[in-house]
2 protein chains.
Amino acid sequence: MPGAQPLIGVFDSGVGGLTVVAALRRRLPGASILYLGDTARLPYGTKSRRTVLRYSQANVDFLERRRVDALVVACNTASAMALDDLVVRAPHWGVLEPGASAAVASARRHVGVIATESTVRSGAYEEAIRRLDPRLRVSQQACPLLVPLVEEGWEEDEITGRIVARYLEPLLAEGIDTLLLGCTHYPMLRGVLERVCGPEVTLVDSAESTGALVEQALRGRGWTDGAGPESASVRLFATDAGPRFARLAERILGEPATLEWIDVDESGTGGTLRIGEEVGTS
Amino acid sequence: MPGAQPLIGVFDSGVGGLTVVAALRRRLPGASILYLGDTARLPYGTKSRRTVLRYSQANVDFLERRRVDALVVACNTASAMALDDLVVRAPHWGVLEPGASAAVASARRHVGVIATESTVRSGAYEEAIRRLDPRLRVSQQACPLLVPLVEEGWEEDEITGRIVARYLEPLLAEGIDTLLLGCTHYPMLRGVLERVCGPEVTLVDSAESTGALVEQALRGRGWTDGAGPESASVRLFATDAGPRFARLAERILGEPATLEWIDVDESGTGGTLRIGEEVGTS
């Protein structure tokens, strides 16, 4: 209940949403977090609205059965395609509106948005930005290879630099002044994105602005840091196990991470949950 | 029944398995084919054995409910991780053994295998090749970026050439004389793979050798071309819809392709099937 420390549920298609968890931990050190990465069915970014909605609802149901006080859809694709149709009891937020707000706050004339294919096709970022400031120009670019490059651990590789330059070329040629990172994996590529964009372009990251929004909302509802960070816990679940996910989780969180394997019933209507072995034993 | 034209069921995690369908159509022009691409849950190549087995069984059950006479697991990851544990009534084959046989037939001393992360981790190709010829040396290389590059349509891009060169460097340095393409997407990259490998290395493709094995087995069981190609049909199903899959299917088959959306019940035990709209309408 408000006054005490909140339990925040966070889900993403994979481990990229841990960039939002990292932001939440910095801002709400007393909050406990339950994270669910739907690694058995990732990526969402190439899939249809129907499929993304079905998977997202199953993730919500899993977190709500564990009595979260608030819920964050830390996946841009799910935020863009499913958020409005999800059935959620707890107060909840996606990463799309906070990302759009941050882009509008930074932009002078022209925002570039990079995201997955599905997010770009939905047009949700363009719509959200235009709703906040109809004078801004918005250009979008789908970047399907960036998530696999992060998952391969090639963030600092020169090949990644060339692929990023290829994707950004049309946006930079059009003179964007702000680049919105419309996928939770992309903050891992901030270094190469900054080098390719140069100092004229401001990078905006929806993980950080989502953290700020959730902090403000929860503090406004009376939640506190309670007994402080020592009594806060972070528990990470994933629907599929594999060492690659654990490695990436550690890179994002900057600390050792244990992912617990869990079977989210696809019907999303109260199916059994089998808490299984940890990552790497499969 | 034998004597007539067979109905062959083929599944893959996505549309890469259509390389096997193309080989089957050349060799068995009278056969009808039901293809299922599990596009809602692809890729399999980063996932655990448990998850790949569960998804593969659901695909088998879908095809068997449609009374296929034979079944091909046209996915290297599923062949490597799940084939031995699948419950299948019809005669069935994976792509792993045919690929290994073709590599052994070509190799002089040293086979290089490129495949997804899960296939490499399973060690199944190395085992199958060594079982056929214990004197051969086998080196493996996981290539997680090659499937996304094919899906992006960058088969002939110079960036793809650099990534392929990076992956093959250790294999070429070790002096492989045969390269086994251990993923059904990789035949789409034959051009760049041949350029990087040079004329000293023979490329072996499991799609073609699987087509040969299935042809031999079915003709051996008395199946014929019946009334010929005119009466043969090819029907393509996918568990998720999206224009990218249809585009890629057309590139692989070399002819216009229509994917029908279909919901494979995840339990794989006789759930309802809802035949839905075609790709691109979701």
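Positions within a chain are numbered from 1, following the residues in the order the chain's sequence is written. Naming scheme: in the order in which they are written, chains are lettered from A and ligands are numbered from 1. Per-residue local features are limited, in this predicted model, to residues with pLDDT of at least 70; the limit for side-chain atom pairs, both in listing and counting, is 80 or more; totals at the level of whole chains, interfaces and linings are taken over all residues. With hydrogens and water excluded, all non-hydrogen atoms of the structure serve as input to the side-chain values.

Some points on the interface of chain B and chain A
Worth spelling out the cut-off: Contacts are residue-level and defined by heavy atoms, with any inter-residue pair within 4.5 Å sufficient. A quick way to say it: buried area is the sum, across both parts, of accessible area lost when two parts are put together, with a 1.4 Å probe. A pair is scored as a salt bridge if a Lys or Arg side-chain nitrogen falls within 4 Å of a carboxyl oxygen belonging to Asp or Glu. Whenever two N or O atoms come within 3.5 Å, that pair is a polar contact, provided that in protein one can donate a hydrogen and the other can accept it, and provided that, for residues adjacent in sequence, both atoms are side-chain atoms. Working definition: helices are DSSP H or I runs of at least four residues, strands are E runs of at least two. Numbering for both runs from the N terminus.
Each partner contributes residues to the interface: chain B has 39 residues there, and chain A has 39 residues. Interface area, chain B with chain A, both sides summed: about 3500 Å², of which 48% is carbon and sulfur. When residues of chain B are sorted by the area they lose upon contact with chain A, B:Arg50, B:Leu145 and B:Arg166 head the list and together hold 16% of the total. Counting the contacts that link chain B with chain A gives six salt bridges. B:Arg247 is the salt-bridge partner of A:Glu117, the closest N and O atoms lying 3.7 Å from each other. At the junction of chain B and chain A, the tally comes to 16 residue pairs in polar contact (both at pLDDT 80 or more). Elements with a minimum of two residues in the side of chain B that touches chain A: α2 (49-65), α5 (117-122), α7 (146-151), α8 (158-173) and α11 (243-253) of chain B.

Concerning the packing of aromatic side chains
Put simply, the rule reads: Two aromatic rings, drawn from Phe, Tyr or Trp (for Trp, its six-membered ring), form a pair once their centres lie within 6.5 Å of each other, and the interplanar angle then sorts them: stacked below 30 degrees, edge-to-face above 60, tilted otherwise. Exposure is judged per residue with a 1.4 Å probe applied to protein chains only, and the accessible area is read against the type maximum: over 50% gives exposed, under 20% gives buried, and values in between give partly exposed. Only when the NZ of Lys or the CZ of Arg is both within 6 Å of the ring centre and within 35 degrees of the ring normal is a charge said to sit over the ring.
Scanning all chains against the criterion turns up six aromatic pairs over all chains. Both rings, one in A:Tyr167 and one in B:Trp154, keep their centres 5.6 Å apart while their planes meet at 40°; by these two values the pair is tilted. You can see A:Tyr167 sitting in helix α8 (residues 158-173) and its partner B:Trp154 sitting in the loop between α7 and α8, one on each of two chains. Side by side, A:Tyr167 and B:Trp154 carry an identical accessibility label, which is buried. Pairing B:Phe62 with B:Phe237 gives two aromatic rings, centres 5.4 Å apart and planes at 80°, and the pair type is edge-to-face. Taken together, the positions of B:Phe62 in helix α2 and B:Phe237 in strand β9 (residues 234-238) put the pair 175 residues apart, joining distant regions of the chain. When sorted by exposure, B:Phe62 lands in the same class as B:Phe237, which is buried. Its guanidinium or amino end placed over the ring of B:Trp261, A:Arg50 lies 3.9 Å from that ring's centre, counting from NZ or CZ.

Brief notes about the domain arrangement of chain A
Think of interface size as the accessible area that goes away when the parts come together; that is how it is often given. All names here are of chain A. Formally: Those domain boundaries reflect an automatic or database domain assignment.
Partitioning chain A into structural domains gives domain 1 (7-94 + 209-278) and domain 2 (97-206). One C-alpha centre belongs to domain 1, the other to domain 2, and the line joining them spans 23 Å. At the junction of the two partners, domain 1 supplies 23 residues and domain 2 supplies 23 residues. Summed over both sides, the interface between domain 1 and domain 2 buries roughly 1700 Å², with carbon and sulfur atoms accounting for 52% of that surface. Its largest share of buried area at the contact with domain 2, domain 1 owes to Asn76, Ser209 and Arg251, together 32% of the area lost on that side.

Overview of the environment of B:Ser13
All names here are of chain B. With respect to the helices and strands, the residue Ser13 is situated in the loop between β1 (7-12) and α1 (18-27). Owing to a relative accessible area of 9%, Ser13 belongs among the buried residues under this scheme. Spatially, the C-alpha atom of Ser13 lies 5.4 Å from that of Gly37, the residues being 24 residues apart in sequence. Discounting chain neighbours no more than four positions away, the residues touching Ser13 are Gly37, Asp38, Thr39, Leu42, Tyr44 and Cys75.

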